[in-house]
Amino acid sequence: MDGNVPGKASGPVSTAADTGMEGAGRTWSLQREWSRAFLLMLAALLIGAAVTIVGVRGLMDQVQATSAELHLRLDKVEVLRSALDAHEQLGHQMLSNAPGDRSAFLRQQEEISRLFQETAAILPGETGMRDTIATARQSWQEALTAHGLWGGQVQSLQGNHVDESPALAAASAEVRKRVAEIRHYSLLEMDKGLAHNAELEQLLIIGRIALFVVAVGVTVYFRRRMVKDLMRPVESLHKGVQKLRGGNYNHRIEVFRRDELGELAEAFNGMAAAVHNSHLNLTHRATHDPLTRLANRAALMERLTESFGRGSTRRNRSEGLLFIDIDDFKDVNDSLGHERGDDLLVQLAARLQGCVRTHDLVARVGGDEFAIVVMDDDAGSVTAGVAERIHEALRTPFFLGEDRRTVTASMGAAQRRPGTSDAAELLRQADFAMYLAKHGGKARYQLFDAEGYDHMTYRAALKRDLATAVSGGQLRLEYQPIADLNSGEILGVEALVRWQHPTLGLLAPSEFIPLAEETGDIDAVGCWVLDTASRQAAGWRKSLPRCENVWIAINLSTIQLPNPRNLAAIKGILSDPAAQADKVVLEVTETALAGSTDGGVAALKTLKGTGVRVAIDDFGTGYSSLSSLAVLPADILKIDRSFLGRQASEAQSAAMLEGILGLARMLSLEVIAEGVEEPGQLDLLRALDCRMGQGYLLARPGSAEAIKALLASGARLQPGPAALEEAVDS
Ligand code: C2E
Ligand code: CA
Ligand code: CA
């Protein structure tokens, strides 16, 4: 018996109202039945007791009565017999004519007659004993009459009749025999009576056994009824409670009979149905978005997790996940109000639902964010198709009250692949693709690209790590000499920062400076470089011969300048005499300065107050007009290495270089040519009378120790012919 009542198992079950809780529809009553049963048993018990008592009592009475009667009879017979004997005696005397009281004889005779009568009266008529006594009396009277001894004859009896004595004796013996018969009969009868009593006793025993059998039968019957009507429902109720507790809300108890327990079972079923309903409600609420009635994020994750958990039962089983974000939804909310915004979301949900197949799952995962699990999409074409349909569906305007609105959506899709570790990763990928779609100009569909994602996550990780790079002592400095192109003398060194990343190794500035500018960590990095490099150079000036004028060039990001606190920090470092600011060159890119209207130039002018010089870095790559160059607080121009092209000797490059050099001269700016890699470039620069240069041909950037050794050696870097001649002369 599984207790699932057919037809009642799944459908909504009767509630308290229709289960007849008040007993209206009750056809059986356990109380009534069991009261009746106990009454019946009680009655049986009482009857049994009564029968026993009455039976035994009756039996005793019977025995007593029988014996009393017998005693009476035997006594009477005895009295009669002795009276007869005495009378016979007297009779013999009368016959022998012996003197005697005749009137006493007659009284005796009357007495015996009365005794006969009394005895006859107490004998039962139906046994024939009365006849016997009557016959005995008759014989007695006749015998006396025959010998003249009866009544009046006695007075007239004369003479001796001894000869009649034997006849009288014989007749008397006959009478005595009759009387003895009576005695015999009585004893026989008593035997019979006792036998009857024994029968009665047997009957009594049989009756009691029968009662006992009935009692046992009734007990067995009621036990079975109890099992059927009490235990079975109670057991199934118990089972029902356990199933309910175990979360089986569909289980219903079989209603065996419409009695109190039946009502209880129905009430239980009603309760289970109510619990089931509220469970469904709760589950629905927990897994659905109340506004759009779509699945919520939790349900989406559950669906994905479940399918990931199942593993790849089918080979290459794969879901597509489409992440949808409504473009500029905020505008709708702001201009039309949140109610209309909600209205839009509801309509949108319906349209999204219309763009998928029944087994795909549409979920609302955020305010204006939706996601669709596209099932069994191995190649990704189904997901792309869904995205296409959504774009198409959004072309029709939405009617929001009196307003008509058209919205677009940015969509990102990710495909589950064997390497996709879990649901969260798939969601992240789709979210990332959506982000790219959004940043790629909105109203677009973008498929997840693992490389782009890796790049993004790599950058994000680096940004995180940057925060501790300075405090963790992970930054290093290399120095690249800047030389006089004719003499080869090292005039200055440029400090170039590197990051010794704990896991990624040595990172070039191009790999982290732009990130540091984004995060703001550039302030700390810049100050560290400025402080470290200026002190380092001051140390060399002090300790190395012929190096007292070597200056140090330090790159500044323009991001560092507008921030007053940071500017103050830079100023503070430079104001320290240890830094020797007059031997410091701050390199700032032309582009950055030209683009910054927020005090970059003003800040540089302030810094120049400390005695530093300013170099325009990468000159020629930016868009600064030549007129703006005049107002920049610059002392040095660093010509970008792109001007020393591969074909540096080409007339065009040479002309441009010549132009820049002429301009610099007019503005009284020193010039440093960057990126001198080949002797031809060096020759050209010399020919154009460019005084300073920097590049791999002259010296590669090196560690502080290497540069210190180079400076200490007093080496000349690629000295020109004039310098060589001079050296030979001296
Ligand atoms: P930059 O200021 O133009 O620095 C010169 C870069 O050119 C250095 O690269 C240097 O190694 C490289 N270089 C030097 N000679 C040659 C050559 O002959 N041929 C070629 N192809 N390259 C040459 P590095 O060290 O990778 O620095 C790259 C950029 O990072 C620097 O360009 C600068 O803008 C920035 N940077 C370096 N250190 C710092 C710093 O401490 N602060 C800031 N804000 N930026 C820095
Ligand atoms: Ca530089
Ligand atoms: Ca440069």
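Residues numbered from 1 in each chain as written. Chains lettered and ligands numbered in written order. Predicted model: local features only at pLDDT ≥ 70, side-chain atom pairs only at ≥ 80, totals over all residues. Heavy atoms only, no water.

A. Quick peek at the overall build of the chain. The helix and strand tally for the chain stands at 22 helices and 17 strands. For 730 residues, the compact-globule formula gives about 27 Å, and the C-alpha radius of gyration of the chain, at 69 Å, lies well above that figure. Its C-alpha atoms put the chain at 230 × 70 × 45 Å along the principal axes. Residue burial in the chain is summarised as follows: out of 730 residues, 41% are buried. Sequence-distant contacts, at least 24 apart, represent 70% of the contacts inside the chain between residues at least 6 apart. By element, 56% of the accessible surface of the chain is carried by carbon and sulfur atoms, the whole surface being about 38000 Å². (Helix = DSSP H or I, 4+ residues; strand = E, 2+ residues; numbered from the N terminus. Rg over C-alpha atoms; globule rule 2.2 N^0.38 Å. Buried < 20%, exposed > 50% of the residue type's maximum accessible area, 1.4 Å probe, protein only. Contact = heavy atoms within 4.5 Å. Areas by Shrake-Rupley, 256 points an atom, 1.4 Å probe, with all protein chains shown as cover.)

B. Local environment of the packing of aromatic side chains. A complete count under the given rule lists 11 aromatic pairs for this structure. On the basis of an interplanar angle of 45° and a centroid distance of 6.2 Å, the ring pair of W34 and F38 is categorised as tilted. With W34 and F38 both in helix α1 (residues 30-95), this residue pair falls 4 residues apart, about one helical turn. Residue F38 is classed as exposed on the basis of its relative accessible area of 52%. Between the aromatic rings of Y221 and F222, the centroid separation amounts to 5.3 Å while the plane-to-plane angle is 70°, which identifies the pairing as edge-to-face. In this structure Y221 comes out as partly exposed when scored by relative accessible area, which is 44%. An aromatic cluster of at least three residues, connected via ring pairs, comprises W34, F38, Y221 and F222. We note R613 situated over the ring of W551; from NZ or CZ to the ring centre the distance is 5.3 Å. One residue, R700, lies across the ring of Y696, its end atom 3.9 Å from the ring centre. (Phe/Tyr/Trp six-rings, centres within 6.5 Å; stacked < 30°, edge-to-face > 60°. Lys NZ or Arg CZ within 6 Å of the ring centre and 35° of its normal.)

C. Looking closely at the domain arrangement of the chain. Taken domain by domain, the chain consists of domain 1 (54-194), domain 2 (288-448) and domain 3 (461-729). If you average the C-alpha positions of domain 1 and of domain 3, the two centres end up 175 Å apart. (Domains from an automatic or database assignment.)

D. Spotlight on the site of ligand 1. Looking at ligand 1, there are 21 residues lining it, with R498, N555, D617, E677 and Y696 nearest. E494 has a polar side-chain atom sitting 3.1 Å from an oxygen atom of ligand 1. In this structure, E677 approaches ligand 1 through a side-chain N or O atom, which is 2.5 Å from a nitrogen atom. Put simply, the parts of the chain that give the shell around ligand 1 at least two residues each are β9 (490-501) and β13 (613-619). If one sorts the elements of the shell around ligand 1 by residue count, β9 sits on top with 4 residues. Of the residues belonging to the shell around ligand 1, the class tally is 8 nonpolar, 5 polar and 8 charged. (Near = heavy atom within 4 Å. Polar contact = N/O pair within 3.5 Å; in protein donor to acceptor, adjacent residues only side chain to side chain. Nonpolar A, V, L, I, M, F, W, Y, C, P; charged D, E, K, R; others polar.)

E. Region of interest: the coordination of the calcium ion (ligand 2). The protein atoms that coordinate the calcium ion (ligand 2) are E494 (OE), N555 (OD1), E587 (OE) and D617 (OD), at distances spanning 2.0 to 2.3 Å. The sequence pattern formed by the donor residues of the calcium ion (ligand 2) is E-x60-N-x31-E-x29-D. A separation of 4.1 Å is found between the calcium ion (ligand 2) and the calcium ion (ligand 3), which are bridged by D617. Placement of E494 in strand β9 and of D617 in strand β13 is noted, with a sequence separation of 123 residues between them. The same class applies to E494 and to D617, which are both buried. (Donors = N, O, S within 2.8 Å, 3.2 Å for Na, K, Ca; no water.)

F. Broad picture of unusual backbone geometry. A positive phi angle, near 45°, is found at D376, a position not held by glycine. Along the chain, the position of D376 falls in the loop between β3 (369-374) and α10 (381-393). Positioned with a positive phi, D618 is a non-glycine residue whose angle comes to about 50°. With respect to the helices and strands, D618 occurs in strand β13. By relative accessible area, D618 is classed as partly exposed at 25%.

G. Local environment of a nonpolar patch on the surface. There is a patch of nonpolar side chains on the surface, built from I205, I209, F212, V213, V216 and V220 and spanning about 560 Å² of accessible area. Take V216: it is sitting in helix α5 (residues 165-245). Judged by relative accessible area, which is 38%, V216 ranks as partly exposed. (Patch = residues over 30% accessible without salt bridge, like charges linked within 9 Å, V, L, I, M, F, W, Y side chains within 5 Å. Salt bridge = Lys/Arg side-chain N within 4 Å of Asp/Glu carboxyl O.)

H. Just the pairing of strand β8 (residues 475-484), in detail. Within β8, 8 of the 10 residues are buried, leaving the element largely enclosed by the surrounding structure. In the sheet, β8 pairs with β9 via 9 bridges, with the strands oriented antiparallel. Bridged to A483 within β9 is I490. In this structure, β8 lies alongside strand β17 (residues 702-703), joined through 2 bridges in antiparallel fashion. Within the sheet, the bridge partner assigned to Y479 lies in β17 and is G702. Taken together, the 2 bridges between β8 and strand β16 (residues 692-693) define a ladder with antiparallel strand orientation. Across the sheet, D484 pairs through a bridge with M692, a residue of β16. (Pairing = 2+ DSSP bridges.)

I. Just the coordination of the calcium ion (ligand 3), in detail. Donor atoms from the polypeptide that coordinate the calcium ion (ligand 3) comprise D617 (OD), D618 (OD), E674 (OE) and E674 (OE), at 2.1 to 2.6 Å from the metal. For the calcium ion (ligand 3), all donor residues lie on one chain, and their spacing in sequence is D-D-x55-E. With relative accessibility at 6%, the residue D617 sits in the buried group.

J. Main features of the sheet that holds β3. If you walk across this open sheet you meet the 5 strands as β2-β3-β1-β6-β7, and the pairing is mixed. Only two strands of the sheet have a single neighbouring strand rather than two, namely β2 (361-364) and β7 (445-447). For this sheet, the mean angle separating the axes of adjacent strands, direction not counted, is 20°. Here strand β6 (residues 409-415) runs beside β7; their pairing, made up of 3 bridges, is parallel. Across the sheet, M411 pairs through a bridge with Y445, a residue of β7. Of the strands in this sheet, β1 (320-326), β2 and β3 are in contact with helix α7 (residues 297-309), which crosses β2 at around 145°. Against the sheet, helix α11 (residues 423-439) makes contact with β1, β3, β6 and β7, and its axis sits at roughly 145° relative to β6, the strand it touches most. (Axes fitted to C-alpha atoms, helices over the stretch in contact; angles between N-to-C directions.)

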